Amino acid sequence: MNDPVIELRGATKRFPSGSGPAHTAVRELTMQVAAGEFVAVVGPTGCGKSTTLSLVSGLEPASEGEVLVRGERVRSIPRGVGYMFQNDAILPWRSVLDNVAAGPRYRGASKAAARAKAATWVERVGLAGFAKYYPHQLSGGMRKRVALAQTLVNEPEIMLMDEPFSALDVQTRALMQDELLRLWAGTGAAVVFVTHDLEEAIALADRVVVMTASPATVKGVFAVPLSRPRNVEEVRLTAEFLEIYREVWESLRVEVARAREEASRVG
Amino acid sequence: MSGEHLSTVDNGAVAMAAEQRSAGVPDLVARRRRRRGAVWAVRLAAVVVWLVGWQLTATYWIDPFYYSKPTAIWSRLVGWFSHGTAFGSIWTQIAVTLEEAVFGFAIGAVAGVVLGIVLGRARFLAEVAAPFIKAANAVPRIVLASLFIIWFGLGMSSKVATAMVLVFFAVFFNAFQGAREVDRNLVDNARILGASRISVLRTIVVPSATSWIFASLHSAFGFALIGAVVGEFTGADKGLGLLINNAQGTFDSAGIYAGMIVVTVLALVAEWLISTAEKRLLRWRPPAASADVQT
Ligand SMILES: Nc1ncnc2c1ncn2[C@@H]1O[C@H](COP(=O)(O)OP(=O)(O)OP(=O)(O)O)[C@@H](O)[C@H]1O
Ligand SMILES: [Mg+2]
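Conventions used here
- Throughout this description, residue numbers start from 1 for each chain and increase along the sequence as written.
- Key to labels: chains lettered from A, ligands numbered from 1, both in the order written.
- Predicted model: local features are reported for residues with pLDDT of at least 70 only, side-chain atom pairs are reported and counted for 80 or more only, and whole-chain, interface and lining totals are derived from all residues.
- To get the side-chain values, all heavy atoms of the structure are used, and hydrogens and water are removed first.
- In this analysis, two residues are considered to be in contact whenever any of their non-hydrogen atoms come within 4.5 Å of each other.
- The buried area of a pairing is the accessible area, by a 1.4 Å probe, that goes missing from both parts when the two are put together, added over both.
- Put simply, a salt bridge is a Lys or Arg side-chain nitrogen that is within 4 Å of an Asp or Glu carboxyl oxygen.
- Any N or O atom pair separated by 3.5 Å or less is treated as a polar contact, with the protein-specific requirement of one donor-capable and one acceptor-capable atom, and with residues adjacent in sequence counted only for side-chain atom pairs.
- Each helix corresponds to a stretch of at least 4 residues labelled H or I by DSSP, and each strand to a stretch of at least 2 residues labelled E; elements are numbered beginning at the N terminus.
- Under the convention adopted here, Pro, Cys and the residues Ala, Val, Leu, Ile, Met, Phe, Trp and Tyr are nonpolar, Asp, Glu, Lys and Arg are charged, and Gly plus all remaining residues are polar.
- Only a single heavy atom is needed: when it lies within 4 Å of a molecule or strand, its residue is near that molecule or strand.
- Method for areas: the Shrake-Rupley scheme with a 1.4 Å probe, in which residue coverage is limited to the protein chains shown.
- Think of the donor list as every N, O and S atom within 2.8 Å of the metal, or within 3.2 Å for Na, K and Ca; water never makes the list, so a site can look incomplete.
- Accessible area is worked out with a 1.4 Å probe on protein chains only. A residue is then buried under 20% of its type maximum, exposed over 50%, and partly exposed in between.

A. A look at the interface of chain A and chain B. At the interface, 28 residues of chain A touch 27 residues of chain B. Where chain A abuts chain B, roughly 2500 Å² becomes buried across the two surfaces, and 61% of that area is made up of carbon and sulfur atoms. Counting every contact that joins chain A to chain B gives one salt bridge. A salt bridge links B:Arg184 to A:Glu60, with the shortest nitrogen-to-oxygen separation between them at 3.9 Å. On the surface where chain A and chain B come into contact, there are nine residue pairs in polar contact (both at pLDDT 80 or more). Mapped by element, the contributors of at least two residues to the side of chain A that touches chain B are strand S6 (81–84) and helix H2 (96–106) of chain A. Of the residues assigned to the side of chain A that touches chain B, the class counts are 15 nonpolar, nine polar and four charged.

Printed below as a string of structure tokens:
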């Protein structure tokens, strides 16, 4: 395998808590993502998946250990990173088109050039008729598409996606998953895709990383040897898929149960 | 808005939903219009009752020397606008007061917005400045009018300064709060997309703070007028404040009311201008949220 684009070496993140000892969100994380690879990260809620992404994006520094992007230590936001946040982050005062044009504008493109580039991406995510709409006039699923276009328009080499489709209904989600695979194919971008949904993880990814209950560390990494291009709807029904699912779920189940136990003990 | 909706929609489901919604619209419009008519009728009736009542009491029971009466005020206004005032044309007085208020408003608002946003984003500076700002805000600012007369003389600049100080604090606190409450997520997203610090300020912080800032601008022009008029009370050779002060000196209660009315009209016109600007700038807001701001 060639050199990893993203590498975590024993990365630990602690957050200062109001009183008492610092809260450890993730500990001793070690994992690698190669160029063009699609890695899904699953784990129980609150275990530290979003925190992991924020370490890679350079928005939060690691407390211990190393986070490397293209072999260099992450000190600020690395070049070529795109990040779709768990919560809506599109600008409510900008139309769909101008939201998508934001990235190219920030990177120095002229207004006309940025808009032209944005228009093609708005079309690609299926919002051509809504380019002039403001976010409050869109549905939740449409807003997610705006966020997707906003991230992809910068043509990132590294894409961090934090439960991008979790708020969508089943049909829209399947549609968006297929769209994501279609848009990603051939870009050569490395993707780290956080999700709660194990089916989604297996259907999309080349490898699935299972995290332990809080504070998270890597529990296991599972290869997904399903061929590409994949149709998300169809691949779910194959025997290989079910076999992988059973294997990963075996590992994840224990952690989910532990997280639930801990939560009820604290709460 | 609904026209634009239908023309750009290419999605069947959305178009159908829009149609269903518009089916109930004429009914709603008619009801809303009727309601508006009733509201205005009651308002008008209240004003008529009040004016007639005042006129009658002032004619038969109380001394109009102290309380004046609507007809006297009206004839004073007519007199001012047709023959001029004791200090020259009424338009000159209005122009002077308005100029002072507008300058004070502009300088105070710009300074308030800039300083508010800068301190709102710079944690350390804000912490250093906090007690000084609290103290400055506690000073009875109207008193500063006297100080400014000593500093800047009887001319226009002392009134501009008074108006400016009043406006500054009103705007500053809102801009400060607005800059602080910016959604962290939006800032992170912009940084990931490639925004520099300046771009974050320009495209995220300022637009987020705009609703807060406008909320303060509504009252701020009123403060600017108060500053200008109080400044003129304290010492001036022109302006509506001088006119009112002179009316007070000559026990001309009708003149005080008339001056009050002119100032009120100015404030209302300014308020309307600010609301119009706000509606244009904050077009992106959902109608429900902006509806309670417009009055
Ligand atoms: N900025 C922060 N300050 C303090 N604690 C934080 C912060 N961000 C996250 N945490 C804590 O770190 C832990 C992990 O949070 P994180 O958001 O990474 O979980 P997650 O795996 O993404 O959860 P979910 O699946 O629900 O999104 C949580 O216990 C949370 O309380
Ligand atoms: Mg999360």
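B. Spotlight on the site of ligand 1. All names here are of chain A. Near ligand 1, the surroundings consist of 13 residues, among which Thr45, Lys49, Ser50, Thr51 and Gln86 are the closest. One of the side-chain N or O atoms of His23 is found 3.1 Å from an oxygen atom in ligand 1. Here ligand 1 has 630 Å² of accessible area as a free molecule, and 64% of this is covered by the chains. Looking at the shell around ligand 1, the elements that each hand over two or more residues are strand S2 (23–34) and helix H1 (49–57). It is H1 that contributes the most residues to the shell around ligand 1, three residues altogether. Among the residues forming the shell around ligand 1, the class breakdown is three nonpolar, eight polar and two charged.

C. How the structure looks around the coordination of the magnesium ion (ligand 2). Residue and element names in this part refer to chain A. Taken together, Ser50 (OG) and Gln86 (OE1) make up the full set of protein donors to the magnesium ion (ligand 2), lying 1.9 to 2.2 Å away. Here Gln86 lies in the loop between S6 and H2 and Ser50 lies in helix H1, a separation of 36 residues in the sequence. Given a relative accessible area of 35%, Gln86 falls into the partly exposed group.

D. Spotlight on the pattern of salt bridges. Residue and element names in this part refer to chain A. Taken as a whole and judged by the stated rule, the model has 22 salt bridges over all chains. Glu60 serves as the salt-bridge partner of Lys13, at 3.5 Å between the closest nitrogen and oxygen. Taken together, the positions of Lys13 in strand S1 (residues 4–15) and Glu60 in the loop between H1 and strand S4 (64–69) put the pair 47 residues apart, joining distant regions of the chain. A residue is classified by how much of its surface remains accessible, and Lys13, at 6% relative accessible area, is buried.

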